[in-house]
Structures are given as structure tokens and as C-alpha cells.
Amino acid sequence: NVIGELDLVEGSMTVKTSRKTWDPYVIIKARDLIKLLARSVPYHQAIKILQDGMSCDIMKIGGFTRNKERFVKRRQRLVGPNGYTLKALELLTQCYILVQGNTVALMGEFKGLKLARRIVEDCMKNVHPIYHIKELMIKRELMKNDQMTGENWDRFLPHFKKQNAKRKKQKKGAIKKKEYSPFPPAQQLRKEDKEMMEGSYFMTQQEKDRRAAYEKDEKRQAAKEEKDREKQKVFEAPQEKDYGNPHAKKDGEPSIDDLKNKFLKTSNAKKKKRSRPDEGQADMNSSAKKKNKE
């Protein structure tokens, strides 16, 4: 038996052995019980740590990555949608797993704890738990077969390769060498020198603030005018294309008079062709009349 004392004022809990305690290792089990209860493990689940063969492990996963968003995504990947991934890991490793804040509480046998710890570490190192789940399921089926007891299981296990896209390295431009000069570079102007050149060195702080406000207003006014001009461009009429006079004579094209003369010539030629067969017919008729008279 173990005696436990809870101090609500200091917020602490103390465990110690009693005269009825017969197992000296139970004090270590009681310490683990306090750790599990502090990590929000339910009491009915945490009390199982007092059984023989049960161990626990509190993993800190907050230091695997510095980016908070990346950490939250990988932690959620370990839990899975609706906690299905976590439930599958619990069934395959025979361990109780609770993800809480920056820690993961593991409870089960030593062999299962070792396996679950490796899965959690790989998950936080950007290796998805589904790969380990597939491997454990294959091993579970092979263990049922007595013929595969003394054989190597590597040929049955999946081998996943990293498929990270290679990023193209940006070629560095040719570095231009500076010309050698025995003289040192020109001295840079101080802040006071720049203020003297601008004429603000002898101004008071109030005058400097007024001047800065005036320059700020000028920039704001200039930006507003530019924006108004951009808005007015929408209402401006677009420039029409100059198609020119459609009746104007283009280079290389005949004029109207040339076309008219050409048309008259073709029509006169056709009339002449039509008149020629009539003359031949008249000659034939006159010769026929002479023969009849004879």
C-alpha cells in the first residue's frame, strides 16, 4: 500500500510507503502515476501503471521544430482525422497514447513503448505515421504465419523513398572585381553633415516635426492626384483610327476614268465581233441571187 498526500495550498502531491507496503518498487510506480495525472491522463487509465509489466514515458515534442504552425500541423498529423491515426497506433503498439500540449504521454509494455516513441519522433521529423502503420500491419500478418518465423521479412516490408522536390539553385552572378586603388575610399557623410546640407541641423524638434508633416502631406496629395488621374482615364474617349478617304486613289490602283475607258474598249470590241458574221451572211445571199439569175 502507498500513502498519498495532496497539498492544495502549494499545489503539490506527495507519495510515501507505509508499513503494509511489501513491494519497494511501487514508490517509483506511484511517481509515474503522479506524472500521468499531471499530463491530463484519465485516472482509470493512469492507475494501470501500478500493474506489473506496465511502463510509461513522457515525451517532449516541443523542441523538434521552431516554427509554431509547422509544429501544430505535425502534431495534428499524429492524431489524425477524428483521432483515427492515434487509435490505429494504439491498437498496433498495444500502448496508450495521449497528445497534450508540448508532450506525448505513452503507457504500455516496454517493447510497445520503444516502437511508439520511434513513431512519434519520426512524425515530428516530417515522416507520416501511415508509413509505420502499413509496416506494422504487414508484420502483424507475418507473425501469424508459423512458416515465416525463421525467414527475413525485408522483402515483404515496404521501402519508401523521399520524394522531396529538388529546388533549383539560383546561379550567382559573376562577381565583378573592384579595380585596385592605392587610395582609401571617400569618407562617408555623418548624420550631422547630412542635416547641415538639408538645412535642418539648426531647427528645433518642433520645426523638424512640422517639416516632416508638411512633406508627408505633399506626398499624400501627390498620390491622391495620381489616383484621380487614373480614375479619369476611364471616362476619356479612345482615339479613333484614321481610315482616310475610301474614294481616294491608292498607289498602284487604276483611276475611275481608266476603268471607264477599259470598259468602253471591251464593249466596242464585242460589238465588232457580232457585226462580222452578218456581213458574211450578206455576201452569201448576194452570190446566191446572181446564180439564180443566170
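Let me sum up the structure you'll find in this document. Remember, it's a predicted structure, so these values are computed and weren't measured experimentally. (Residues numbered from 1 in each chain as written. Predicted model: local features only at pLDDT ≥ 70, side-chain atom pairs only at ≥ 80, totals over all residues. Heavy atoms only, no water.)

A word on the sheet that holds strand 3 (residues 55–60)
Hydrogen bonds along the backbone pair up the strands of a sheet, which may run parallel or antiparallel. Strand order in the open sheet formed by three strands is 3-5-4, with antiparallel pairing between adjacent strands. A single partner strand is all that each edge strand has here, and the edge strands are strand 3 and strand 4 (95–100). Within this sheet the neighbouring strands show an average axis-to-axis angle of 15°, counted without direction. For strand 3 and strand 5 (residues 103–108), the ladder comprises six bridges, and the chain directions are antiparallel. Each bridged residue has a counterpart across the sheet, and for D57 the counterpart in strand 5 is L106. Contacts from helix 5 (residues 110–124) reach strand 3, strand 4 and strand 5 within the one sheet, and its direction differs from that of strand 5 by about 155°. (Pairing = 2+ DSSP bridges. Helix = DSSP H or I, 4+ residues; strand = E, 2+ residues; numbered from the N terminus. Axes fitted to C-alpha atoms, helices over the stretch in contact; angles between N-to-C directions. Contact = heavy atoms within 4.5 Å.)

Section: unusual backbone geometry
Residues other than glycine seldom take positive phi values, yet Q94 does so here, at roughly 60°. With respect to the element layout, Q94 can be found in the loop between helix 4 (84–93) and strand 4. Phi at N126 takes a positive value of approximately 70°, unusual for a residue other than glycine.

A closer look at the pattern of salt bridges
Applying the stated criterion across every chain, the model contains 12 salt bridges. A salt bridge links D32 to R31; its shortest N-O distance comes to 3.3 Å. Classification of D32 as buried rests on a relative accessible area of 12%. For R31, a relative accessible area of 42% puts it in the partly exposed group. Of the charged contacts in the structure, one is a salt bridge between K139 and E135, with a shortest N-O distance of 3.4 Å. Highlighted residues: K139 and E135, both in helix 6 (residues 129–144), separated by four residues, approximately one helical turn. By sharing partners, the salt bridges in this structure join D57, R117 and E121 into a single network. (Salt bridge = Lys/Arg side-chain N within 4 Å of Asp/Glu carboxyl O. Buried < 20%, exposed > 50% of the residue type's maximum accessible area, 1.4 Å probe, protein only.)

A closer look at the nonpolar core
Judged by nonpolar contacts, the single largest core of 20 residues is most densely connected at I61, L78, L89, I97, V104, L106 and V120. Per-element accounting of this core gives the leading share, six residues, to helix 5. If sequence neighbours within four positions are ignored, I97 has contacts with L86, L89, E90, V104, A105, L106 and A116. (Core = buried A, V, L, I, M, F, W, Y, C linked by side-chain atoms within 4.5 Å.)

Here we look at the packing of aromatic side chains
Overall, the coordinates contain one aromatic pair when judged by the stated rule. Summarising the aromatic geometry, the rings of Y201 and F202 are spaced 5.1 Å apart at their centres and angled 90° between planes, so their arrangement reads as edge-to-face. (Phe/Tyr/Trp six-rings, centres within 6.5 Å; stacked < 30°, edge-to-face > 60°.)

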